[in-house]
Amino acid sequence: MALRGDWMYENNGGTCVAIAGIDYCVVAADTRLSVGYSILTRDHSKICSLADKCVLASSGFQGDIRALHKHLSARHLLYQHQHNKQMSCPAMGQLLSNTLYYKRFFPYYAFNVLGGLDNEGKGCVYTYDAVGSYERVGYSAQGSGSTLIMPVLDNQLKSPSPLLLPARDAVTPLSETEAVDLVKDVFASATERDIYTGDKLEIVVINASGIKREYLELRKD
Amino acid sequence: MFRNQYDTDVTTWSPAGRLFQVEYAMEAVKQGSAAVGLRSSSHAVLAAVNKAASELASHQRKVFRADDHVGVAIAGLTADGRVLSRFLRNECINHSFVYESPLPVGRLVVQLADKAQVCTQRSWKRPYGVGLLVAGLDESGAHLYYNCPSGNYFEYQAFAIGSRSQAAKTFLERRYEAYDGYTREELIKDALFAIKETLQGEKLTSQLCTVAIVGVGEAFHVIDQKTIQEYIDAMEVSSEGGAEEETAAAPPSGEAQEGGDGPAEPAPMDI
Amino acid sequence: MQNVEISIPTLNGWLLGYPVTYLFSNEKLKKATGVVSMQSLHIYKIYVTRYPYVTGTSVIAMKYKDGVIMASDTAGSYGSTLRYKSVERIKTVGDHTIIGASGEISDFQEIMRYLDELILYDKMWDDGNSLGPKEVHNYLNRIMYNRRNKFNPLYNSLVLGGVKNGQKYLGTVNMIGTHYEDDHLATGFGNHLARPILRSEWREDLTFEEAVKLIEKCLLVLLYRDRSSINKFQIAKITAEGTTIHPPYSLRTYWGFSHFQNPSKGAAGTW
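Since the structure is predicted, the reported quantities are computational estimates derived from the model, not experimental observations.

Rules behind the numbers
Residues numbered from 1 in each chain as written. Chains lettered and ligands numbered in written order. Predicted model: local features only at pLDDT ≥ 70, side-chain atom pairs only at ≥ 80, totals over all residues. Heavy atoms only, no water. Contact = heavy atoms within 4.5 Å. Salt bridge = Lys/Arg side-chain N within 4 Å of Asp/Glu carboxyl O. Polar contact = N/O pair within 3.5 Å; in protein donor to acceptor, adjacent residues only side chain to side chain. Helix = DSSP H or I, 4+ residues; strand = E, 2+ residues; numbered from the N terminus. Pairing = 2+ DSSP bridges. Axes fitted to C-alpha atoms, helices over the stretch in contact; angles between N-to-C directions. Buried < 20%, exposed > 50% of the residue type's maximum accessible area, 1.4 Å probe, protein only. Phe/Tyr/Trp six-rings, centres within 6.5 Å; stacked < 30°, edge-to-face > 60°. Lys NZ or Arg CZ within 6 Å of the ring centre and 35° of its normal. Buried area = accessible area lost by both parts, 1.4 Å probe. Nonpolar A, V, L, I, M, F, W, Y, C, P; charged D, E, K, R; others polar.

Draft legend 1. Quick peek at the interface of chain C and chain A. Facing 25 residues of chain C, the contacting portion of chain A comprises 24 residues. Put simply, chain C and chain A have one salt bridge between them. For Asp64 of chain A, the salt bridge identified is with Arg148 of chain C, shortest N-O distance 3.0 Å. Joining chain C to chain A, the criterion identifies 11 residue pairs in polar contact (both at pLDDT 80 or more). Those elements that provide at least two residues to the side of chain C that touches chain A are helix 3 (133–149), strand 10 (179–181), helix 4 (189–193) and helix 5 (195–201) of chain C.

Draft legend 2. Summary view of the environment of Gly128 of chain C. Tracing the sequence through the fold places Gly128 of chain C in the loop between helix 2 (105–125) and helix 3. C-alpha of Gly128 of chain C to C-alpha of Phe189 of chain C: the two residues are 61 residues apart in sequence and 40 Å apart in space.

Draft legend 3. How the structure looks around unusual backbone geometry. Pro166 of chain A follows Leu165 of chain A through a cis peptide bond whose omega is -5°. For Pro166 of chain A, the position within the fold is in the loop between helix 3 (146–157) and helix 4 (176–193). If you check the backbone angles, Phe151 of chain C has positive phi at about 60° while not being a glycine. Counting through the fold element by element, Phe151 of chain C comes out in the loop between helix 3 and strand 8 (156–164).

Draft legend 4. Quick look at the sheet that holds strand 6 (residues 54–60) of chain A. All names here are of chain A. Ordered by their spatial adjacency, five strands build an open sheet running 5-6-7-8-9, and the pairing between neighbours is antiparallel. Strands at the two margins of the open sheet, each flanked by one partner only, are strand 5 (47–51) and strand 9 (134–137). With strand direction ignored, the average angle separating the axes of adjacent strands in the sheet is 20°. As judged from the four bridges shared by strand 5 and strand 6, these two strands associate in the antiparallel manner. Across the sheet, Ala51 pairs through a bridge with Cys54, a residue of strand 6. The sheet strands contacting helix 2 (residues 89–102) are strand 5, strand 6, strand 7 (110–117), strand 8 (123–128) and strand 9, and the helix crosses strand 8 at an angle near 5°.

Draft legend 5. Focus on the side chain of Lys164 of chain C. Structurally, Lys164 of chain C can be placed in strand 8. Judged by relative accessible area, which is 12%, Lys164 of chain C ranks as buried. A polar contact of 2.5 Å, which involves the side chain of Lys164 of chain C, links it to the backbone oxygen of Ser130 of chain C. In this view, Lys164 of chain C contacts Glu139 of chain B together with His96, Ser130, Leu131, Gly132 and Pro133 of chain C; residues no more than four positions away in its chain are not counted.

Draft legend 6. Summary view of the packing of aromatic side chains. The full count for this structure, using the stated rule, is 19 aromatic pairs over all chains. Measuring from ring centre to ring centre gives 5.7 Å for Tyr64 of chain C and Phe208 of chain C, while their planes differ by 50°; the resulting arrangement is tilted. Taken together, the residues span a long stretch of sequence, with Tyr64 of chain C in the loop between strand 2 (59–63) and strand 3 (67–73) and Phe208 of chain C in helix 6 (residues 208–225) at a distance of 144 residues. Residue Tyr64 of chain C shares its accessibility class with Phe208 of chain C, and that shared class is buried. What links up through ring pairs into an aromatic cluster is the set Tyr9, Phe61, Phe106, Tyr109 and Phe111 of chain A together with Phe151 of chain C. Positioned over the ring face of Phe87 of chain B is Lys115 of chain B, at 4.7 Å from the centre of the ring. Here the basic side chain of Lys237 of chain C rests over the ring of Phe208 of chain C, its NZ or CZ set 4.7 Å away from the ring centre.

Draft legend 7. Highlighting the side chain of Gln157 of chain B. Residue and element names in this part refer to chain B. Along the chain, Gln157 falls in the loop between strand 7 (153–155) and strand 8 (158–161). Of note is the side chain of Gln157, whose polar atom sits 2.7 Å from the backbone oxygen of Arg39. With residues up to four places along the chain from it excluded, the contact list for Gln157 reads Gly37, Leu38, Arg39, Ser40, Leu144, Tyr176, Tyr179 and Asp180.

Draft legend 8. Examining the environment of Glu181 of chain C more closely. As for its position among the elements, Glu181 of chain C is in strand 10. In this structure the C-alpha to C-alpha distance between Glu181 of chain C and Asp122 of chain C, which are 59 residues apart in sequence, comes to 24 Å. Leaving out residues up to four positions away in the same chain, Glu181 of chain C has contacts with Thr41 of chain A together with Tyr169, Leu170 and Gly171 of chain C. In terms of polar contacts, Glu181 of chain C uses its side chain to reach the side chain of Tyr169 of chain C, at 3.4 Å.

Draft legend 9. Spatial organisation of the pattern of salt bridges. By the definition in use, this model includes 38 salt bridges over all chains. The salt bridge involving Asp30 of chain A is made with Lys46 of chain A; its shortest N-O contact spans 3.7 Å. A residue pair is termed long-range when its members are at least 10 positions apart, and Asp30 of chain A in strand 2 (residues 24–30) and Lys46 of chain A in the loop between strand 4 (38–41) and strand 5 qualify at 16 residues. Asp30 of chain A gets classed as buried once you look at its relative accessible area, which sits at 0%. Lys168 of chain C is the partner of Glu204 of chain C in a salt bridge, and the nearest nitrogen-oxygen pair spans 3.2 Å. Pair noted here: Glu204 of chain C is in the loop between helix 5 and helix 6 and Lys168 of chain C is in strand 9 (residues 167–173), with a separation of 36 residues, a long-range link. Here the residues in one salt-bridge network are Arg32, Arg42 and Asp199 of chain A, joined through shared partners.

Draft legend 10. Geometry of the interface of chain A and chain B. Of the residues lining the interface, eight residues belong to chain A; the matching set on chain B comes to nine residues. Both sides together, the interface formed by chain A and chain B hides about 840 Å², and carbon and sulfur atoms give 53% of it. Looking at the side of chain A facing chain B, the largest losses of area belong to Lys70, Leu77 and His81 of chain A, adding up to 63% of the total buried there. Viewed at the interface, chain B and chain A are joined by two salt bridges. For the interface between chain A and chain B, the tally reads four residue pairs in polar contact (both at pLDDT 80 or more). Broken down by class, the residue content of the side of chain A that touches chain B amounts to three nonpolar, three polar and two charged.

Following this line, the structure appears as structure tokens:
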């Protein structure tokens, strides 16, 4: 791609994880922003609350990520004006896919996980690639540390095979606190080996009573 | 024989220096059901009379949220009001997209007024037939503006538009000086009183009005009917006790209702 | 395709009567110019990768007790030539913001034209509202990100600092639209050499004198290690009281270390 030289994009790193439970959803991302071997800042949130029950975490190129988050927030505002209600998480999932695909030939360099509660109040996680293909899953990891985290989640959460018929729920049997503890563990582990993950972990828990945020310090080296 | 020669299109002046089409548009505002607005230094309240076109119909929406910090109440052609509130919403979204800060209310109002003004100067257009009370909060505190079809706009402490609004204005004129120090509850109460004035004896119920508020620490929202009914009930108890007899104090003045017969001499562009 | 150089002056401007530049790839150029007014014209779009000509090196900035302090040298390098030696790379933007730029000087001057226009239009409202550092930062980010989306970036890393409503602000944007805030920032070489110092020595409650001392320590490291920096610095501060950009001055340097005088002396494999 000589036309769009490498100057068009920058990889600012970062890892995002989301886990869906019976009646909750945990979305987490680290707050390190880096480029190459430099850390730009240690406290930069990658998580955006789009609706009451819908949270998006993205890693990749910060400029694109911010543009994407702002675009979706503006679209959600218009949706609220027109429909007098909050957008549901499945609807936001489709909107995000369409938004990404709209830029199929000049993509947003953003790797997203969307977490929240669906219309039945069950936890839901949508996972994406940069050009908009997406899938509803029980848990997901995206970004620079995803290769370290995903196999651990596979091992610990063991979602039923998507090939089974009739389809089984992909949500994990873990309780909310167990899921939060697992997220803390996988991030602490990824931070050990991935130079783009670290500094601080931002955890967002969505359940029937609303959105809760908590932070955990990670290694800074 | 006595047909007006100067009112067939917006861009034709009368020899007296008036634009009749614009004045007719302002007349449409007076025909619409009433809306009132008032503000303290920290809050602004909008209220509107919900009037259904028939027994079988529901009423039209009169109060619109433009953003967390601004909202409007309209009187006149509701369809025009809807188009304009969509414009306001877009302006607010665009501004917060570029600056990540809310659009100052005064600037929003000017954009709206400029849009209305264009319609008074183009032969192929028609002025908007709607008056808007714009209430909002920004760096310099709470604001209340009135935007009119002529493209004029005014800032007010308290104002009323729409049919029989004169009664509400009379009520507000007697009390506005104290409004700066009012609490939000007192503002809501006075808004309901003002609305009651426009009803001319008809019983005020929560179904008959929409009340919205915006202020420090409070995003623009329509107050739910149950809360409004509680305010109304409390009002009735206190006025029966004779604490403050507001209702009798405002006799409806002549021009309050249809001021349509024979326009007076000076150009009423100042309203 | 990158860095295609073409000169087809007759095609610029007057072709088809539009004030635009038509770009053709080299191999199709002959064909395109040959068919100007005869057949349907094929317009080929080429993307030109630009490169900077005159550049400024690092800018350092940090918050301190009363506001934000920013520093840079005044060099404008033409490649490795020190072409200009008194380029002011720190400027004020409105009443609450200062901006520092590294990268292409001409692009920075273009950016200042945008920002001065922005501030002028903001002041023209004359309504008591004004753009703060956060708003300017966001606006600037839109400009930078938009230009990269058009494959025509402004070749700069910019630092914005300011104080408004008692709130300190320090943020940065680069040529492709990466933007963030922090307590201390540095562009270019400064990110490698100055920020480690700032990370270990910076405190929120630094006085101005301490802040100047710390920033001079960083500048000195850059002066010794960054080939394109010169010993002529400007320091600017912004507080709630206002902005001061100090005139350029020099730092005391010491070149007497034996390693500076004979760097290879005693090194293994030398004599």
